[in-house]
Amino acid sequence: MPAYVIAHLRDAAPHPEIAEYIERIPATFEPYGGRFLVHFTPHETKEGSWPGHVVMIGFPGMVEARAWWDSPAYQEIAPLRSRHIEGDIILVEGVPDGYDPTTTAKALREALPAD
């Protein structure tokens, strides 16, 4: 199943290290089959608040996403970002082809206490 790295990055002041990070990051995820799906593109907030930017990188699976995150190449450049941008970053597995959300709803209903 595909996996995704999703980052919610908040207000970053321009800095040369951020530019360097952006220039260097593709070379760190390409060996693991990663690619940008979303990168600092405009977004619309429909509920709640979402200050900052969204970045999303897709990978063939969680093994590749974890291997990229833990790789020496990525860990070498990560401080270029983290010194200047606050944010939250998650790795999450996608759903399989043909995913049926009614199966999840059924499991939730079965877990409800009996009336």
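For clarity, every value in this text was computed on a predicted model and none was experimentally measured.

> Please provide a residue-by-residue account of the side chain of Arg81, values included.
Its location among the elements puts Arg81 in helix α3 (residues 72-82). Nearest to the buried, unbridged Arg81 among oppositely charged side chains is Asp88, at 9.5 Å. Not counting residues up to four positions away in its chain, the partners in contact with Arg81 are Leu9, Tyr21, Trp69, Tyr74 and Ile89.

> Before we move on, could you go through the sheet that holds strand β1 (residues 3-9) and cite the residues and values that matter?
If you trace the four strands from one edge of the open sheet to the other, you get β2-β3-β1-β4, paired in antiparallel fashion. The sheet terminates laterally at β2 (35-39) and β4 (87-93), the two strands that pair on one side only. For this sheet, the mean inter-axis angle between neighbouring strands, taken without regard to orientation, is 15°. For β1 and strand β3 (residues 53-59), the ladder comprises seven bridges, and the chain directions are antiparallel. Looking at the pairing, His8 lines up with Val54 of β3. Set on the sheet, helix α2 (residues 62-70) makes contact with β1, β3 and β4; between it and β4 the angle comes to about 150°.

> Tell me about the confidence of the model for the protein, and please be specific about residues and values.
Any segment with low pLDDT has predicted coordinates that should not be analysed in fine detail. Averaged over the protein, the pLDDT score is 95; the fraction of residues at 70 or greater is 100%. Per-residue pLDDT, averaged within each element of the protein, yields its smallest value for helix α4 (residues 101-111) (93) and its largest for α2 (98).

> With reference to specific residues and values, describe the packing of aromatic side chains.
A complete count under the given rule lists seven aromatic pairs for this structure. Seen from their ring centres, Trp69 and Tyr74 are 5.2 Å apart, and the 40° between their planes marks the pair as tilted. Judged by its relative accessible area of 1%, Tyr74 is buried. An aromatic cluster of three or more residues is present, and its members are Tyr21, Phe29, Phe36, Phe59, Trp68, Trp69 and Tyr74.

Calculation notes
- Residues numbered from 1 in each chain as written.
- Predicted model: local features only at pLDDT ≥ 70, side-chain atom pairs only at ≥ 80, totals over all residues.
- Heavy atoms only, no water.
- Helix = DSSP H or I, 4+ residues; strand = E, 2+ residues; numbered from the N terminus.
- Buried < 20%, exposed > 50% of the residue type's maximum accessible area, 1.4 Å probe, protein only.
- Lys, Arg positive; Asp, Glu negative; His and termini not counted.
- Salt bridge = Lys/Arg side-chain N within 4 Å of Asp/Glu carboxyl O.
- Contact = heavy atoms within 4.5 Å.
- Pairing = 2+ DSSP bridges.
- Axes fitted to C-alpha atoms, helices over the stretch in contact; angles between N-to-C directions.
- pLDDT = per-residue confidence, 0-100.
- Phe/Tyr/Trp six-rings, centres within 6.5 Å; stacked < 30°, edge-to-face > 60°.

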